[in-house]
Amino acid sequence: MERKDVIRAVMEKEYQISPEAVELIHSSNSPEDLLKYVLSTVNNSIIVIGIENIDLEGFDTSRKTSKLTYTENGKNPDFETSAGKPASDKIHVPSPEERKFLSRASTFSSRSDNPSSEPDSSLESTLFSEPDIAIAPPDPILKPSQDPVPDSISVPDMVPDKAYEPAPNTQTTPDTQSDTISSEEVSASYFASASLSSVKTAPPTFPSHSSQAVNRSASSFFGQGNSLSSFPSNRIFRPEPSSSISARGLFSDSRDEYKHYPGKNPVTVVSDITGHSTCIGEYMQFVQYFRDRYSKLSEIIRGRINARPIESIKRKSFRRGGDGGSEEISIIGMVSDISSTTNGHKILSLEDPTGSFPVLIRSSDKELFELASRVLLDEVIGVAGSVTNDGSLMLATKLIQPDVPNSVQRRTGSHGKAVLISDVHVGSSQFLEDAWLDFLDFLKGKSDSEGMRELAASIRYLVVAGDIVDGIGIYPDQEMELDILDVYEQYKKAAEYFREIPEHIRIIISPGNHDAVRQAEPQPALPENIQAYFPQNIIFVGNPALLELDGVRILIYHGRSIDDLVASVPGVSYQEPAGAVLEMLKRRHLAPTYGSRVSISPEKKDYFVIDPVPDIIHTGHVHTLGVQRYKNVLLVNSGTWQDQTEFQKRVNLMPVPARVPIVDLANFDVKILAFD
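This is a predicted model, so every value here is computed, not measured. (Residues numbered from 1 in each chain as written. Predicted model: local features only at pLDDT ≥ 70, side-chain atom pairs only at ≥ 80, totals over all residues. Heavy atoms only, no water.)

## Here we look at the nonpolar core
And then number 1: Among the nonpolar cores identified, the biggest contains 46 residues, and Leu 585, Ile 617 and Leu 635 are the most heavily contacted of them.
And then number 2: Elements represented by at least two residues in this core include exactly helix 7 (283-302), strand 6 (328-340), helix 14 (562-568), helix 15 (577-587) and strand 19 (633-637).
And then number 3: The dominant element in this core, judged by the number of residues it contributes, is helix 7, at 7 residues.
And then number 4: Contacts of Ile 617, omitting those with residues within four sequence positions, involve Leu 555, Val 581, Leu 585, Ile 610, Val 633, Leu 634, Leu 635 and Val 636.
And then number 5: Judged by nonpolar contacts, the second largest core, of 41 residues, contains Leu 455, Ile 538, Phe 540 and Trp 641. (Core = buried A, V, L, I, M, F, W, Y, C linked by side-chain atoms within 4.5 Å. Buried < 20%, exposed > 50% of the residue type's maximum accessible area, 1.4 Å probe, protein only. Helix = DSSP H or I, 4+ residues; strand = E, 2+ residues; numbered from the N terminus. Contact = heavy atoms within 4.5 Å.)

So this is what it looks like as structure tokens:
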């Protein structure tokens, strides 16, 4: 068994492995059996399998036991006695001195075959600063909406400018042996570097992007120098599979168990960070987070273009067109830098696990340039174009986002209604209690109108996308605008309100940035001591969370990244928040830019990747109402139950309170009820 086979097998089990552990398994007399033993005994909490996780004595004992049984059954004539074992099958257990030498020497073994792949010291100097992921900056300046919100609205269908079609099978085949990229070119450098032991001394953080011309090192996402053999992501080209419960992205961790709540109104929690957080702030976790993001999103794009690794187009042996780069090629990368030339062209720096490469978008190509103007830092895109004769620049002709395929099918067969609300803000002096009580009376069927009573009787679910209470210390001088100064008393009061909701309505509550959970996203569900205040029939989930409501998939996200999208994407505003959600959907990611207003915890997997595509995306946070449709996906940003606060006046935020979107689960029609 080769070293690359060891690494590939470990990677398939969603672990990483240190170079010394690879060397120990490879050098054993039975590497296949030892690898199987290690993978069967390693704890699920382990991220990087090190030499300390390999129990050679236990493995030796297990082999003796298994071969003893094998011989006694008369199936192994090569054994002379049932208690014996050939000397060649013994596993050498290194002494403490040997282990120390092995650990020190093999740290660099993963780079011995690639001398050009050096550790990126600039990355470490950039990362080693005090973490700020728990800091929640105030909301940005908002502009008031001049248009009144009607009691009911029509939902427009968003028609894409261009349909994404599967790429034809026209992958370029290089002439030279060195240009052939395959899954065999995986080395131990993907899993660990020489600096691994040193980076555990300080929890790093990524700097905020104050502009779109932020300088980043070439290895800022993937933690390695430019190494062709560092990642197997470009080894295969296949169409994007249809979305299913067992698909990638939000469902990718096979160790996560779906939580099913049966009954008349069943709920299945498919993806939720609650109980699965592994983040402790170490360097390798940031690297792993970005690798997981790139792996999932690049796989979606790879179903539409035949991309090649970036490192392959840098090689001198790379064949270019005779007219100075007319051969069209495609690459997939994460955007590490965005800049402009003196002539007004845009340059995107794309990075994959093998290296980085600049891409020029000419201002004369109006449509492509406009699309490039909406590209964000850290999003994953595909680019097609030609490479200049000196191999230093790609001239782009096409830009591909993950986006939603046109073939997305809407779920059918369900019935009843789902009510989508957010930002209740119980405890605030601006909490609209009268409107809220009218809403509760509606749910209880106490309306004067027979039509409203029939509508209330058809409601099966109430989904709350965060900010149940106003919290404490969320923004400056907040205590001056609180009727309830204790956060636990705020939750007790909220629980009293939710107890009045009829039991036939299943309630799902997700947290927001005002709730009593960590500020860094993804956020776990409210703690158990707070859940205890509420009725037993309420389901508490994290933020974000993907659920099935009797077969209808709904993705709940509080929506803090809307602040980033409004600040970065032209045309996105707080007055039309569903437009911001649409930008998330096109990028297939709820929080594309890392290190801005949204504090993101580097978990083992990226919980923000939108895959598979849900039927409904429900967000809140910005206190305005918005509803759109896009390729059979319903986007709903619910309003609020809080009137304008003094802080909101200072930042010019005009809320849209007491509006309730009600979704028909059979046909996804939306009705807006006003309770103000």
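## Considerations on the sheet that holds strand 20 (residues 659-664)
And then number 1: Taken in spatial order, the 6 strands line up as 14-13-12-11-20-21 in an open sheet, and their pairing is mixed. Both edges of this open sheet fall to strand 14 (538-540) and strand 21 (670-674), since each of them pairs with a single strand only. Each adjacent strand pair in this sheet contributes to an overall mean axis angle of 20°, direction not counted.
And then number 2: When strand 12 (residues 459-465) meets strand 13 (residues 506-510), the two strands line up parallel, connected through 5 bridges. Bridge assignment links Val 463 to a residue of strand 13, and that residue is Ile 508. (Pairing = 2+ DSSP bridges. Axes fitted to C-alpha atoms, helices over the stretch in contact; angles between N-to-C directions.)

## Things to note about a negative patch on the surface
And then number 1: Taken together, Glu 433, Asp 434, Asp 438 and Asp 483 make up a surface patch of like negative charges.
And then number 2: Mapping Asp 434 onto the fold places it in helix 10 (residues 433-443).
And then number 3: Since its relative accessible area comes to 61%, Asp 434 is described here as exposed. (Patch = residues over 30% accessible without salt bridge, like charges linked within 9 Å, V, L, I, M, F, W, Y side chains within 5 Å. Areas by Shrake-Rupley, 256 points an atom, 1.4 Å probe, with all protein chains shown as cover. Salt bridge = Lys/Arg side-chain N within 4 Å of Asp/Glu carboxyl O. Lys, Arg positive; Asp, Glu negative; His and termini not counted. Charge placed at Lys NZ, Arg CZ, Asp CG, Glu CD.)

## Focus on the sheet that holds strand 7 (residues 346-352)
And then number 1: With respect to topology, 5 strands assemble into a closed barrel ordered 6-7-8-10-9, the strand pairing being mixed. The sheet shows a mean angle of 55° between the axes of neighbouring strands, direction not considered.
And then number 2: Inspection of the sheet shows strand 6 paired to strand 7 by 6 bridges, in the antiparallel sense. Paired with Ser 339 across the strands is Ile 347, a residue of strand 7.
And then number 3: Its contacts with the sheet put helix 7 on strand 6, strand 7, strand 9 (380-387) and strand 10 (394-400), and the angle it makes with strand 6 is roughly 135°.

## Quick word on the packing of helix 1 (residues 3-12) against helix 2 (residues 19-27)
Each pair of packed helices can be described by the angle between their axes along with the distance between the axes.
And then number 1: Viewed as axis vectors pointing N to C, helix 1 and helix 2 meet at an angle of 120°, and their least axial separation amounts to 9 Å. The handedness of the crossing between helix 1 and helix 2 comes out as right-handed. Residues Arg 3, Val 6 and Ile 7 of helix 1 touch helix 2, and the partners they reach there are Val 22, Glu 23, Ile 25 and His 26.
And then number 2: Partitioning the contact of helix 1 with helix 2 into residue classes produces 4 nonpolar, 1 polar and 2 charged. (Left-handed = near helix turned anticlockwise from the far one by under 90°. Nonpolar A, V, L, I, M, F, W, Y, C, P; charged D, E, K, R; others polar.)

## Section: helix 7
And then number 1: When the terminal C-alpha atoms of helix 7 are compared, their 28 Å separation across 20 residues agrees well with the 28 Å that a helix rising 1.5 Å per residue should span.
And then number 2: When you tally the buried positions in helix 7, you get 19 out of 20 residues, the bulk of the element. (Expected span 1.5 Å × (residues − 1).)

## Details of the pairing of strand 20
And then number 1: Across the 6 residues of strand 20, 6 count as buried, placing the element largely inside the fold.
And then number 2: Because side chains alternate across strand 20, one face comprises the buried residues Arg 659, Pro 661 and Val 663, and the other comprises Val 660, Ile 662 and Asp 664, equally buried.
And then number 3: The pairing of strand 11 (residues 417-421) with strand 20 spans 3 bridges and is antiparallel. Residue pairing for strand 20: Ala 418 is matched across the bridge by Val 663.
And then number 4: Bridge analysis of strand 20 against strand 21 gives 5 bridges, and the strand direction is antiparallel. Paired with Arg 659 across the strands is Ala 674, a residue of strand 21.

## Section: the pattern of salt bridges
And then number 1: According to the stated counting rule, one finds 21 salt bridges in the structure shown.
And then number 2: With a shortest N-O distance of 3.0 Å, Asp 550 and Arg 460 are connected by a salt bridge. You can see Asp 550 sitting in the loop between strand 15 (545-549) and strand 16 (552-556) and its partner Arg 460 sitting in strand 12, a full 90 residues away along the chain.
And then number 3: A salt bridge links Arg 518 to Glu 603; the shortest N-O distance between them is 3.1 Å.

## What to know about unusual backbone geometry
Trans is the prevailing form of peptide bonds, just as negative phi is the prevailing case for residues other than glycine.
And then number 1: In the segment running from Asn 543 into Pro 544, the intervening peptide bond is cis, with an omega of 0°.
And then number 2: Position of Pro 544 among the secondary structure elements: in the loop between strand 14 and strand 15.
And then number 3: Between Asp 611 and the following residue, Pro 612, the backbone shows a cis peptide bond with an omega angle of 0°.
And then number 4: Its location among the elements puts Pro 612 in the loop between helix 15 and strand 17 (616-619).
And then number 5: Its identity as a non-glycine residue notwithstanding, Arg 588 has a phi of 55°, on the positive side.
And then number 6: Tracing the backbone through its elements, the reader meets Arg 588 in the loop between helix 15 and strand 17.

## A look at the environment of Ser 458
And then number 1: By the secondary structure assignment, Ser 458 is in the loop between helix 11 (450-457) and strand 12.
And then number 2: Linking Ser 458 and His 504, residues 46 residues apart in sequence, is a C-alpha distance of 9.9 Å.
And then number 3: Among residues more than four places away in sequence, those in contact with Ser 458 are Gly 416 and Lys 417.
And then number 4: For Ser 458, the side chain forms a polar contact with the main-chain oxygen of Leu 455, separated by 2.7 Å. (Polar contact = N/O pair within 3.5 Å; in protein donor to acceptor, adjacent residues only side chain to side chain.)

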